[in-house]
Amino acid sequence: MLAGGAARRLGGADKPGVRVGGRALLDRVLAACAGARTTVVVAGPRPTARPVIWAREDPPGGGPLAALAAGLRHTTADHVVVLSADLPFLDRRTVRGLLTPLRHGATTDGVLLTDSDGRDQPLVAAYRTGPLRRELAALTGRHGELTGLPLRRLTGSLDLTRISDPVASFDCDTWDDIATARARIREHGHVLDEWISAVKDELGIDLDVDTGVLLDLARDAAHGVARPAAPLTTFLVGYAAAQAGGGREAVAEAARKAAALALRWADEETPDATPDATPEVPEAPHATPEALDTRPDA
């Protein structure tokens, strides 16, 4: 991950540390790479939400090719995901989508995203490490060093597959871009997922749960018992799931039991309730979280 640019269009601000949705841009990108075996960040060290290896080009500020070469020295992987640190909407699904073609028959040197204008985004890409090292060595041989060379000198010599994704490739170069990103995550269709992701990152939780189950539980507790019961019940469900060993299935089972209790509680208030009346609660679907084992070096 390249995070050492000068951010001139942000007035020299610390761009990786700028917050979008309560999280630093760098931490948002790191969250998308949570399945990586090794994560290398080329920049000066700073606190991050996830552990990383720090690297630095020499001299610092030598440009993206010099930074890429510095990062590659810390990996022996066959494939690497190369990212900038200013991608507010990058997610794990996109990272998997970049790696999958390289691991399943594609013969190209890499896979990169294109933006809304169809332009290549070589810092939202997955590459085979061998061709990267070969071309970086060739450029060093021709120019003596990589400092100051543009990325197109590298990507122009590689055979690349392109995927159009205007959202995941959106990067924040200006304060207007930051404002656009902050506004988008607060839109109705995005705010809940963004908030949950932010909370999980803040608390160090790496758990994929069915939010619909928990929202239904909160509704049943609020309507069938009392409004304050909703947050308290979901807290207790989380605690019970942790006591049972954690994981998506533990959350689903604890939520099912609490939902059944809430319905029994509410049923007692109906005029025709009988002592043996027990509302039927459908079994929660068997939770089978999608495996995330991308294990690239990012």
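A few points on the structure. (Residues numbered from 1 in each chain as written. Predicted model: local features only at pLDDT ≥ 70, side-chain atom pairs only at ≥ 80, totals over all residues. Heavy atoms only, no water.)

1. Focus on the side chain of Asp165
No. 1: Looking at the element boundaries, Asp165 is found in the loop between β8 (160-164) and α6 (175-185).
No. 2: Here Asp165 is buried and forms no salt bridge, its nearest opposite-charge partner Arg93 lying at an N-O distance of 4.5 Å.
No. 3: With residues near it in sequence (within four places) discarded, Asp165 still touches Arg93, Thr94, Leu113 and Thr114. (Helix = DSSP H or I, 4+ residues; strand = E, 2+ residues; numbered from the N terminus. Buried < 20%, exposed > 50% of the residue type's maximum accessible area, 1.4 Å probe, protein only. Lys, Arg positive; Asp, Glu negative; His and termini not counted. Salt bridge = Lys/Arg side-chain N within 4 Å of Asp/Glu carboxyl O. Contact = heavy atoms within 4.5 Å.)

2. Some words on the pairing of strand β5 (residues 79-83)
No. 1: Counting buried positions over the five residues of β5 gives five, a clear majority of the element.
No. 2: Going residue by residue along β5, you find His79, Val81 and Leu83 tucked away on one face and Val80 and Val82 tucked away on the opposite face as well.
No. 3: Across five bridges, the pairing between β5 and strand β7 (residues 120-128) is antiparallel. Residue pairing for β7: Val80 is matched across the bridge by Tyr127. (Pairing = 2+ DSSP bridges.)

3. Re the sheet that holds β5
No. 1: Strand order in the open sheet made by the four strands is β5-β7-β6-β8, with mixed pairing throughout. Two strands bound the open sheet, and with one partner strand each, they are β5 and β8. For this sheet, the mean inter-axis angle between neighbouring strands, taken without regard to orientation, is 20 degrees.
No. 2: Note that strand β6 (residues 110-114) and β8 share five bridges and pair parallel. Bridging across to β8, Gly110 finds its partner in Leu160. (Axes fitted to C-alpha atoms, helices over the stretch in contact; angles between N-to-C directions.)

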